[in-house]
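Chain by chain, the residues:
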Amino acid sequence: MAILDLQRSTNPTSDEQRAAALADPGFGRYYTDHMVLANYTEGSGWENPRIVPTTNFSLHPAASVLHYGQEIFEGLKAYRHDDDSIWLFRPERNAMRFVGSALRLQMAPLPEEIFLDSIMELVDAERAWVPENTGEQSLYIRPFQIADEPYLGVREAHKYLYAVLATPAGAYYPDPVKLWITPNYTRAAKGGTGTAKCGGNYAASLAAAAEAQDHGCGQVLYTDGAEHKWLEECGTMNFMMITRDDELLTPALGTILEGVTRDSILHLAAEHGLTPIQRPISIDELRDGLDSGYVTEAFACGTAAVITPIVGFNSPERGEETVGDGQPGARTQTLRQHLLDIQYGRAADRHGWLRRVG
Ligand SMILES: *Cc1c(COP(=O)(O)O)cnc(C)c1O
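Read on for a plain summary of the structure. These figures come from a predicted structure and were not determined experimentally.

Our focus in this paragraph is the overall build of the protein chain. Within the protein chain, the regular secondary structure consists of eight helices and 17 strands. Rg of the C-alpha trace for the protein chain: 21 Å, near the compact-globule value of 21 Å for 358 residues, within the 12% margin. The C-alpha extent of the protein chain, read off along each of the three principal axes, is 60 × 55 × 35 Å. Classification of the 358 residues of the protein chain by burial places 53% in the buried group. Counted over contacts in the protein chain with a minimum sequence separation of 6, partners at least 24 positions apart contribute 72%. Accessible area for the protein chain stands at about 15600 Å²; split by element, carbon and sulfur atoms hold 50% of it. Separation between the mean location of the 30 positive side-chain charges and that of the 48 negative ones in the protein chain comes to 1 Å.

So, on to the nonpolar core. If you look at the biggest cluster of nonpolar residues, it comprises 50 residues, and the most contacted ones within it are Trp-46, Phe-115, Ile-119, Val-123, Ile-141, Tyr-160 and Tyr-162. The greatest single-element share of this core, amounting to seven residues, is contributed by helix 4 (residues 112–125). Residues contacting Val-123, with those up to four places away along its chain left out, are Ala-78, Ile-86, Val-130, Ile-141 and Val-357. Counting residues in each nonpolar core, the second largest holds 23 residues, with Tyr-79, Leu-274, Phe-299 and Ile-307 among its members.

What follows deals with the packing of helix 6 (residues 260–268) against helix 8 (residues 330–343). Remark: helix 6 packs on helix 8, axes separated minimally by 11 Å, with the N-to-C direction vectors making an angle of 105°. Between helix 6 and helix 8, the angle is such that the two are roughly perpendicular. Taking contact as the criterion, the partners of Thr-261, Ser-264, Ile-265 and Leu-268 in helix 6 are, on helix 8, Leu-335, His-338, Leu-339 and Ile-342. Of the residues belonging to the contact of helix 6 with helix 8, the class tally is five nonpolar, three polar and no charged.

Moving on, we come to the site of the ligand. Neighbouring the ligand are 15 residues, the closest being Lys-197, Tyr-202, Glu-233, Thr-261 and Thr-303. When the ligand sits alone it has 380 Å² of accessible area, and the protein chains cover 97% of it.

Okay, the environment of Phe-239 next. Note on placement: Phe-239 falls in strand 11 (residues 238–243). Classification of Phe-239 by relative accessible area gives buried; the value is 1%. Through-space distance from the C-alpha of Phe-239 to that of Ala-298 is 7.7 Å; in sequence the pair is 59 residues apart.

Counting across every chain of the model gives 11 aromatic pairs. Centroid distance Tyr-79 to Tyr-344: 5.1 Å. Interplanar angle 80°. Geometry classified as edge-to-face. Of the two residues, Tyr-79 is situated in strand 5 (residues 76–80) and Tyr-344 in the loop between helix 8 and strand 17 (354–357); the sequence distance between them amounts to 265 residues. Side by side, Tyr-79 and Tyr-344 carry an identical accessibility label, which is buried. Members of the aromatic cluster, joined through ring pairs, are Tyr-40, Trp-46 and Tyr-160. The ring of Trp-129 is capped by Arg-18, whose NZ or CZ atom sits 6.0 Å from the centre of that ring. Positioned above the aromatic ring of Tyr-151, the side-chain terminus of Arg-155 is 3.8 Å from the ring centre.

Compared with the 20 Å implied by 1.5 Å per residue over 14 residues, the 20 Å span of helix 3 (residues 91–104) between its first and last C-alpha is a close match. Taken together, the buried positions of helix 3 are occupied by Pro-91, Asn-94, Ala-95, Arg-97, Phe-98, Val-99, Ser-101 and Ala-102. Backbone geometry just after helix 3 places Gln-106 at a positive phi near 55°.

This part is about the pairing of strand 8 (residues 159–169). Burial analysis of strand 8 places nine of its 11 residues in the buried class, which makes it a mostly covered element. In this structure, strand 7 (residues 138–147) lies alongside strand 8, joined through 10 bridges in antiparallel fashion. Residue Ser-138 lies in a different strand from strand 8, and its bridge partner there is Ala-169.

What follows is about a nonpolar patch on the surface. On the surface, a nonpolar cluster with roughly 250 Å² of combined accessible area is contributed by Phe-57, Leu-59 and Leu-66. Here Leu-66 shows up in helix 2 (residues 65–68).

Let us now look at the pattern of salt bridges. Following the criterion strictly, the structure yields 23 salt bridges and no others. Among the ionic pairs, Asp-84 bridges to Arg-80, the shortest N-O distance being 3.3 Å. A salt bridge links Asp-341 to Arg-346; its shortest N-O distance comes to 2.8 Å. Assessed through its relative accessible area of 45%, Arg-346 is described here as partly exposed. If you follow the salt bridges from partner to partner, you end up with Arg-287, Asp-288, Asp-291, Glu-317, Arg-318 and Glu-321 in one network.

Analysis parameters
- Residues numbered from 1 in each chain as written.
- Predicted model: local features only at pLDDT ≥ 70, side-chain atom pairs only at ≥ 80, totals over all residues.
- Heavy atoms only, no water.
- Helix = DSSP H or I, 4+ residues; strand = E, 2+ residues; numbered from the N terminus.
- Rg over C-alpha atoms; globule rule 2.2 N^0.38 Å.
- Buried < 20%, exposed > 50% of the residue type's maximum accessible area, 1.4 Å probe, protein only.
- Contact = heavy atoms within 4.5 Å.
- Areas by Shrake-Rupley, 256 points an atom, 1.4 Å probe, with all protein chains shown as cover.
- Lys, Arg positive; Asp, Glu negative; His and termini not counted.
- Charge placed at Lys NZ, Arg CZ, Asp CG, Glu CD.
- Core = buried A, V, L, I, M, F, W, Y, C linked by side-chain atoms within 4.5 Å.
- Axes fitted to C-alpha atoms, helices over the stretch in contact; angles between N-to-C directions.
- Parallel < 35°, antiparallel > 145°, perpendicular 65-115°, else oblique.
- Nonpolar A, V, L, I, M, F, W, Y, C, P; charged D, E, K, R; others polar.
- Near = heavy atom within 4 Å.
- Phe/Tyr/Trp six-rings, centres within 6.5 Å; stacked < 30°, edge-to-face > 60°.
- Lys NZ or Arg CZ within 6 Å of the ring centre and 35° of its normal.
- Expected span 1.5 Å × (residues − 1).
- Pairing = 2+ DSSP bridges.
- Patch = residues over 30% accessible without salt bridge, like charges linked within 9 Å, V, L, I, M, F, W, Y side chains within 5 Å.
- Salt bridge = Lys/Arg side-chain N within 4 Å of Asp/Glu carboxyl O.

Dropping the structure here:
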């Protein structure tokens, strides 16, 4: 049953234009004809969740998001199965995390039902935009929330705007990457915003990403803010490594972002003969493990790329270090394929992770 009002676009993309877009969607190049909006006003709460034609926003220049950065977002995907049914993967985890991010930024939390209903209904209305299930294509969904109250004082806003965009994402094969262990930057500190998915964390990561590029690395591996000793995660993905003892090791929660992909892989580990372990991992443990061969594989994980194999590290203290033989690990690739097979309906969904749209 539809809950959101739907205002149809009077100028939707033609079937030919959409077919051309879906033939080579890239990422973030095309947007569906419709988006979700909902408004929060202190005293009235969340109102008027609706689906409207995708168009520009109009914001007062004093909107507090533009000055003090109250902004949070999520990222998830809709997958088309062989029988043309369309599915989301654990969207309730994103709904919960969106609430957590809002609370950390002192923003009004969006009720989880509105988050879930709005995404289900947007994807249902835009079914034609969900690409064929060849080559890991999907419809990427971007919910976000901003403080749109015009007010220049520093305090939490009394008005918020929630919106959801959807953009077809093309075939994506992650290139293996080397990670730069930055001595200069941190992503998060105890008590900071590391556990929230907020735009500011990403703004702060760009300088470190540029530093990584300068050192021949595709991504950053951050260590903790206090000692630069404990491994945390990459800028947009969680970090994992596999040991000779069949352990799947990943840094414990605390200051890292709790990824849905991370949690899913920890749940799948046992089926792959791996013991999932979440605990503090020091940079020395990683380095000694690379030298001794104790660490056999490493990868980063997140919704966008699922799993990106890590084939090496670079840092000022130790220079270049290689993981195993410098090729993507076999178990890394098997785990990746398993998760994709669940998402695309080719493997049993034993954990009840998929939610059917429509
Ligand atoms: C989004 C994100 C992840 C991955 O989360 P998923 O839910 O798996 O997509 C990991 N780290 C950071 C910093 C993130 O922003």
